[in-house]
Amino acid sequence: MITRFFIWLVRLYQRYISPAFPATCRYRPTCSAYMIEALQKHGLKGLVMGIARILRCHPFVKGGDDPVPDHFTLRRSQK
């Protein structure tokens, strides 16, 4: 139930706030899509994973593919 609330918040962000700014996410999938998938896979732990991902998304990082891992971790996926 609470994870659905956070997914709803992210979808609101994707629909109304994100289009107002240029695309700057350095990872694939985008940080908001990562957050939704992490919430669906890992529940509230996915929220922590999504926040860690957002903190990793800055101009000094290489970026690239970073799928949601099957197990809980705060590190970037090595796939």
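Residues numbered from 1 in each chain as written. Predicted model: local features only at pLDDT ≥ 70, side-chain atom pairs only at ≥ 80, totals over all residues. Heavy atoms only, no water.

A. Representation of the overall build of the chain. If you tally the helices and strands in the chain, you get three helices and two strands. Counting helices and strands in the order they occur from the N terminus, the chain gives α-β-α-α-β. Taking 12 Å as the expected radius of gyration for a compact globule of 79 residues, we find that the chain reaches 12 Å, a close match to that expectation. Structurally, the chain occupies a C-alpha span of about 35 × 35 × 15 Å along its principal axes. In the chain, buried positions account for 32% of the 79 residues. When the accessible surface of the chain is summed, it comes to about 5600 Å², and 63% of that surface belongs to carbon and sulfur atoms. Once the 13 positive and 4 negative side-chain charges of the chain are each reduced to a mean point, those two points are 5 Å apart. (Helix = DSSP H or I, 4+ residues; strand = E, 2+ residues; numbered from the N terminus. Rg over C-alpha atoms; globule rule 2.2 N^0.38 Å. Buried < 20%, exposed > 50% of the residue type's maximum accessible area, 1.4 Å probe, protein only. Areas by Shrake-Rupley, 256 points an atom, 1.4 Å probe, with all protein chains shown as cover. Lys, Arg positive; Asp, Glu negative; His and termini not counted. Charge placed at Lys NZ, Arg CZ, Asp CG, Glu CD.)

B. A look at the packing of aromatic side chains. If you walk through the whole model with that rule in mind, you get two aromatic pairs. With 5.6 Å between their ring centres and 65° between their planes, Phe5 and Phe6 make a pair best called edge-to-face. For Phe5, a relative accessible area of 40% corresponds to the partly exposed category. Three or more aromatic residues link up through ring pairs in this structure, and these residues are Phe5, Phe6 and Trp8. Positioned over the ring face of Phe72 is Lys45, at 5.5 Å from the centre of the ring. (Phe/Tyr/Trp six-rings, centres within 6.5 Å; stacked < 30°, edge-to-face > 60°. Lys NZ or Arg CZ within 6 Å of the ring centre and 35° of its normal.)

C. How the structure looks around the pattern of salt bridges. Following the criterion strictly, the structure yields four salt bridges and no others. In this structure, the salt-bridge partner of Asp66 is Arg56, at a minimum N-O distance of 2.8 Å. Placement of the pair is Asp66 in the segment after strand 2 (64-65) and Arg56 in helix 3 (residues 44-56), with a sequence separation of ten residues. Looking at Asp66, the relative accessible area reads 0%, which means it is buried. For Arg56, a relative accessible area of 16% corresponds to the buried category. (Salt bridge = Lys/Arg side-chain N within 4 Å of Asp/Glu carboxyl O.)

D. Representation of the nonpolar core within the structure. Judged by nonpolar contacts, Ile7, Val10, Met35, Ile36, Leu39 and Leu47 together constitute the single largest core of six residues. By residue number, the principal contributor to this core is helix 2 (residues 31-42), which donates three residues. If sequence neighbours within four positions are ignored, Ile36 has contacts with Ile7, Val10, Arg11 and Gln14. (Core = buried A, V, L, I, M, F, W, Y, C linked by side-chain atoms within 4.5 Å. Contact = heavy atoms within 4.5 Å.)

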